[in-house]
Each structure stands twice: as structure tokens, then as C-alpha cells.
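Structural overview for review
Okay, here's what each chain looks like letter by letter:
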Amino acid sequence: MELGKAESQTAISTEKCWKKSSYKRQCLFWILVFYGAALFYYISMRNDFPYLRSVRRSYSPVQKIITARHAFLINTSGCRIPHLEAFNYQVQPYLSKVNPIICSDKPLLVNSNRTALFIETSALPAYGINDIRELKCCYKPFFRVPNDDSKQFDNSVKFNETCTTFENAAEVNEEFVKVICAKNSRHISEHYHAFTPLKPKVEKRCSEIRHNISEEIQDSLSILIVGMDSVSRINLHRQMPKTVKLLQEISAIELLGYNKVADNTFPNLIPILSGLTEREMKSSCWPEEYLPLDDCPWIWKNFSSAGYRTGYGEDAIPISLFVFTNNGFKQQPTDYYLKPFMKVAEERIAHEKQYTASLCLGPQLAIDVLLNYIYKFASTFSRKHSFGFFWAASLTHDNINYPRHADEIYMKFITNLIESGSISKSVLILLSDHGIRWGKFREIYQGRLEERLPYALFVLPEWFRNKYTEAVTNLHKNAARLTSPFDIYETILDFIDLKQLENLSIQKRSLELRQKYPKPRGISLFLPVEETRTCKEAGITPEWCTCYNSTDLPLNDATVKNMSMILIDHLNSLLKVHKNCSQLSLAEVRIARVQVPVENVFTTTQDEGLLDYVLVVETKPGNGLFEAMIRHHVKTNEAKVQGFVSRINTYRNQSACIKDHFMKLYCFCKH
């Protein structure tokens, strides 16, 4: 009911009511209740309650401009991605204030900087120590050990037998150390610290390679990639406004049309790290999943061959990129490899587990430990060539609101990198793999789109922006184009030889690109991406493409019922070979939308009789929620599931009877 109509009706009721004096008190009471409720509703809708109001107040001004002026975030002749409001009425029920994460009631007793351990004297009283001389501390180095056992070759760690004692502080030349402290022979603290010491063999290799490269020092650029799991571009703005504001202040370039290419983390990061799809990788260098991944063309190999120090690390080993469904590497993949450290720390001092990852390592957040290591890596090699890829999943993997905890942490981390000069000769690339992939938020239409639209931002040094003007201009233009992880890969490779980015070189390469047909799947974002680009051209398959206009359908529509049965039959065909898994039946259709394939909207050479139905169905047994796209050829009346079927609620132990990680999404065990 409109507010004006409600007021007029209330006025009539009030006049009648006051004519009966015996009911004046009751009438007055109900009138006050009505106006109070109306006022509360009005305030809540305008301000979204205190939590949302505080978030909205610091929300990105870029978003406000987009909201006011455009119905589409990306609006080209090849792709239209709808603009999504971060705080619309559909989203608000899933946003909530999160309680602080308290890892310990005691502070960190022994801390570290880039080269040394030191005792935090302010922490002594919390451990019952009045005089630092009562405290006895030592550190014990540990390191990765190669192993031929296929189940252990990326998991073996060895500790030194000697524990070196220290007082107050100690210079450390090792990578990883365990620190033990005692009072009166009683163990009171155990923690783990990681360092980035110069390695003679690595320095020799880099020096020899760089000696043969004619390049002025100001034209060299290091690469620092910092990723965060399961955070959409909109949720970055929604939950981390301080970080977004800082990035805008330092002229970060944000890709508004960055679209994922696969379901989960691994197949979305493989294109960035190799230029390949997961299927291409399996056919070329990784034929069996139990085999190590050493032989694949990882991008850090390109940088290593160019005289760069390389580093790679994550903060949640059980769900990490090369561990969750793979066996990792036989040989250490990069010069600096954080996995052995995180594995030991997680096994011994991790706690506060939320769903799939532990939030805390001793008294520190796991994400803090990772970012501290990244800072050490960047500052150690601030005047040297380096390539670093780091991934944070512990805090953000499972909860749409938990990135809020990371806002202050990331803002300080980026500020420290800038103020210390650690990235004055580096490009900082911040990105994610996808949005939240499961849960109630994922079930709504905006949740579906956000899942497919992660974030990607480039922070370039001022001197670089001033010198390579045409390349940077193209990057700015491409921020409003459809882009994908394949483009990130090609862009990163361009940093190896900055002569490729000089204005004359960009002009020549741009002309060559315009003349190419078909266009390459991955395009360096320093070159012009044509505004006619479609998902197909960018390597984005139909089920992940967001370049659609779609319409809701009645759930009882006959075509919807028919398409839902096609989906059920498809799932059962996948499950048929797994005898321990139940055959599924349709419990209900939750969501149904129809959309015209993007290639039909923007080209005239395609079959105009195609319709794509996007369905979310619930199955039994097990109450699984599955989302899929079914493409219907209207002229021939043929229909087929397109690509991957997403599981958008958790399955936990429902599929414990099988080992196939792909089929675990669909299997409901019979027993």
C-alpha cells in the first residue's frame, strides 16, 4: 500500500473513532502504533539499519555514479553486464554485522620483522613475567624435504635438532623457525615465523641472467599478485570500503567487466598462472590427477628465466590451490615457497575453524600471518626483480560478511607497502577467483551474478603511468570491456620486457591485433580490447557468462518442467557409473529464468532460435540445490545442459562414499 493512501484511510478512521468518546483511548493507542510502525519502516528502508548505514556512508563514489547514470555496468555491442546495487532490498537480508575474531586473550610474545626475532616486552605481564630474565626462548629452523612418495612429496618437513637460544632479539638467516619460550622450565609459548633471506644460488642465477639483459633500472618492474578467495567485485566494495577508498586514492585501475571462466578456485586461477584451461592442462602436462604439477608451464617459470626471484604462498593449506584436489609439486615450484611453513603452523597452532579453514594461528589471524610474509617478500626485493603470487582464503572462503574483518588489515597492508617504498618498482595486482559459491545468498539472482564477477585491480607506479602512456590508456579503456583470467595472464607476461609497452610498440601490436581473425582468447590489457568482444571470444563458456538480459518464468510453466527433467536426467547420467550414489529425482524447481544467448543478441550469423533456461532445482534424496543452463534449440526442439552444473548448497558428508572430487558435488550415498 502506498504511504499517501494509507494516511488518507487512517484520517477517515480517526474521524469516525473520535466520534465515539468511549473508545478514545483505544483509538489513540492504535493510531500511535500505526504511525510508529510506518515511521520505523520508512527509516529502516531509507537507512538500512545502523550497520548498513555505516557501510553505505563509506561506499565507493564510483558505485554511486554508476548507480545514477547507467543500467549496465558493461554496455558494449558485444556484452551487457547489468549494474548491481550493493545494498538493494534483495541483498540486505544476507548482510549482517560480524563479531570480532579474537584469536587469544594473550598478545604475541615473540614477534619478527624482515630479518630478526624480538621479544615483545609489553606482552610479558600477560604471561606472568615481571623480569625478562625469567624468560628463556630459543628458535628451531625447519625446511621442506623432497619426497618420492606420491602422497607425501609436497608434505615432508624436517626440523633441525638444535634449538638456538636468544635474549631480547636474534638475527635469523633461516626461512622458517619454530620459537619456544619457557618460564622456570615450564613451556608458556610456541609460535612460528617465516622470513625471506637472500639465497646465494638464487642471487647468482638472477645476477647472471640480468647481466645479459640491457635494461635501464627505472624500466624494470616487479610483480606482486595478492588474491582473496570468494570475494565478488561488489562484495569488495560492500564489505571493504576503506580498502577501496585507498585504492581509488592511489589511482588503482579496476576491471569492471572481469568475468570468471569456471566453477571454483583451481580452474579460475589456472588461466592466470599458465594461460591454459584445466582441460588443456590435463591434456598437455598433467595427464593424471595423482601426478605432480611440476611439468606444467607456470608463469613463474617465465619470470625465473628472466632473472626474477619467485615466490608463492597461501594461508589455508587444506583448501589451497594445489592441495585441495591435487598432490602439489615434487620439486619446490618457486624460490620462496610458503607451504611448508603454513602446513606446520596449521597442524600445531591453528584454531577457530570455520567450515573449511582455521581463522587463527596462535594469537594471530592466519591472514595477518600471510600478509606479514608478503610484506617481508616485497620489502626484501624492493630493489631487485621479483615475482610473487599469494592467495588468502582462510577469512573469506565461507562467509559473505567476513571480508569486513579484512578491511582494516588490507588497508594497513597496502599503506605499509606504499609508505615503505616496497612497491615503488612493482605492479600490485589485487584479484579474486569468484564470489560466494554456495548458501542462501547464492540462491538469489544477484548472488548468481556476483559469483561470476570477481574483482581485479592494477596499482601501477606513477613513473610507469607517465612513461607508458598508450599502454596505460588502453588499460583504462579495457576496464569497461569484458575481460577474463586469460587476459590477466597475457598482461602479466608483458611486464617481463617493458620495451613491448613503449608507445611505438603498442601502436604496432595494436594494429596487428586488429588485423587478426579470429581474435586470441587472451589479450594483454595494454592492447585495445574491441567493444564487440563476446564471452565466447574471451574464453567464457555460456554457463558462466554474465552478458545476458534474463526474465523470470513461472515455476509451473510446462517448458520449465520439461527443462528441469532434462537437468535431472543429465545428473543421473553422470551418477550412473557410481554404484554407491543414489539416482536423483526432482523435489521442486526453485528458480527459472530465460535469456537469449549473447551471440544471438549481437550477431546476425547465428541461429536465432536459441533460448537459454537457467534453473535452480532441489533434488531428492539429499535436498541438493543445483543450478544449470539448458540451451533450447527452438526450431529443432532439442535441449541440452550447457557445461558445468553448479552445486549451490553444501553437501558435507553426503558423498563420503566416493573419492571423485567432481562427482562429490552430485552424489548422495546410498548407505
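The following refers to the structure shown. Values in this document were obtained by computation on a predicted structure and should not be read as measured data.

1. As for the layout of surface pockets
One number sums up the size of the largest pocket: a volume of about 1800 Å³. Put simply, the parts of the chain that give the lining of the largest pocket at least two residues each are helix H8 (265-274), helix H9 (278-284) and strand E27 (638-647). Looking at the lining of the largest pocket residue by residue, the class counts come to 17 nonpolar, 16 polar and 16 charged.

2. Some points on the side chain of Asn-235
Take Asn-235: it is sitting in helix H6 (residues 233-239). Sequence-distant contacts of Asn-235, that is, excluding residues within four places in its chain, are made with Met-240, Ile-400, Pro-403 and Glu-450.

3. Looking at the pattern of salt bridges
For the structure shown, the criterion picks out 31 salt bridges. For the salt bridge of Glu-134 with Lys-183, the shortest nitrogen-to-oxygen distance reads 3.6 Å. One end of the pair, Glu-134, is in the loop between strand E4 (116-119) and strand E5 (135-144); the other, Lys-183, is in strand E9 (residues 176-183), with 49 residues separating them in the sequence. When its relative accessible area of 26% is taken as the criterion, Glu-134 is described as partly exposed. The exposure class of Lys-183 is buried, given its relative accessible area of 16%. The network of salt bridges with shared partners includes Lys-260, Arg-442, Arg-448, Glu-451, Arg-452 and Glu-627.

4. Brief notes about the state of the cysteines
Summed over all chains, the structure comprises eight disulfides. The disulfide partner of Cys-581 is Cys-667, and the gap between their sulfur atoms is 2.1 Å. Negative torsions about the S-S bond denote left-handed disulfides, and the value of about -100 degrees found for Cys-581 with Cys-667 makes this one left-handed. Highlighted residues: Cys-581 in the loop between helix H20 (558-575) and strand E24 (585-595) and Cys-667 in the segment after E27, separated in sequence by 86 residues. Judged by relative accessible area, which is 1%, Cys-667 ranks as buried. Sulfur-sulfur distance for the disulfide between Cys-657 and Cys-669 comes to 2.0 Å. The chirality of the disulfide connecting Cys-657 with Cys-669 is left-handed, given an S-S dihedral of about -95 degrees.

5. A word on the sheet that holds strand E3 (residues 110-112)
For sheets, the rule is that strands pair by backbone hydrogen bonds, running either parallel or antiparallel. With antiparallel pairing, the three strands of this open sheet are ordered in space as E3-E4-E8. Because the sheet does not close on itself, it has two edges, and the strands there are E3 and strand E8 (169-171). Within the sheet, the average angular offset between the axes of one strand and its neighbour, ignoring direction, is 20 degrees.

6. Section: the nonpolar core
One broad trend across soluble globular proteins is that nonpolar side chains are buried collectively. By size, the foremost hydrophobic cluster in this structure holds 61 residues, and its most contacted members are Trp-298, Phe-322, Phe-464, Ile-488 and Ile-492. Per-element accounting of this core gives the leading share, five residues, to H8. Setting aside chain neighbours within four positions, we find Phe-464 in contact with Leu-221, Val-472, Phe-495, Leu-498, Leu-501 and Phe-526. If you look at the next biggest cluster of nonpolar residues, it comprises 57 residues, including Met-563, Met-629, Ile-630 and Cys-667.

7. What about empty space enclosed by the protein?
In total, this model carries 10 cavities of 30 Å³ or more according to the counting rule given. In this structure, the largest cavity occupies an estimated 70 Å³ of space. For the lining of the largest cavity, the leading source of residues is strand E14 (residues 309-314), giving three residues.

8. What to know about the pairing of strand E11 (residues 222-228)
Taking burial as the measure, the seven residues of E11 include seven buried ones, the bulk of the element. Residues of E11 alternate between two faces, with Ser-222, Leu-224, Val-226 and Met-228 on one and Ile-223, Ile-225 and Gly-227 on the opposite face, all of them buried. Relative to strand E20 (residues 426-432), E11 runs parallel, the two sharing seven bridges. Residue pairing for E20: Val-226 is matched across the bridge by Leu-430. Examined bridge by bridge, E11 and strand E19 (residues 386-392) share six bridges and lie parallel to one another.

9. What about the sheet that holds E24?
With respect to topology, five strands assemble into an open sheet ordered E23-E24-E25-E26-E27, the strand pairing being antiparallel. Across the chains shown, the open sheet's two edge strands, defined by having one partner strand only, are strand E23 (550-552) and E27. The sheet shows a mean angle of 30 degrees between the axes of neighbouring strands, direction not considered. Bridging between strand E25 (residues 610-620) and strand E26 (residues 625-633) involves nine bridges; their strand directions are antiparallel. Counted as the bridge partner of Leu-615 is Ala-628 from E26. Running at roughly 85 degrees to E26, helix H15 (residues 445-452) makes contact with E23, E24, E25 and E26 of the sheet. Each of E24, E25, E26 and E27 touches H20; the most contacted strand, E25, lies at about 65 degrees to it.

Reading the values: rules and limits
Residues numbered from 1 in each chain as written. Predicted model: local features only at pLDDT ≥ 70, side-chain atom pairs only at ≥ 80, totals over all residues. Heavy atoms only, no water. 1 Å grid on protein atoms, 1.4 Å probe; cavity = no way out; pocket = protein on both sides within 12 Å on 5 of 7 lines; lining within 4 Å. Points joined across faces, edges and corners; volume = space filled by probe spheres on them. Helix = DSSP H or I, 4+ residues; strand = E, 2+ residues; numbered from the N terminus. Nonpolar A, V, L, I, M, F, W, Y, C, P; charged D, E, K, R; others polar. Contact = heavy atoms within 4.5 Å. Salt bridge = Lys/Arg side-chain N within 4 Å of Asp/Glu carboxyl O. Buried < 20%, exposed > 50% of the residue type's maximum accessible area, 1.4 Å probe, protein only. Disulfide = S-S within 2.5 Å. Pairing = 2+ DSSP bridges. Axes fitted to C-alpha atoms, helices over the stretch in contact; angles between N-to-C directions. Core = buried A, V, L, I, M, F, W, Y, C linked by side-chain atoms within 4.5 Å.

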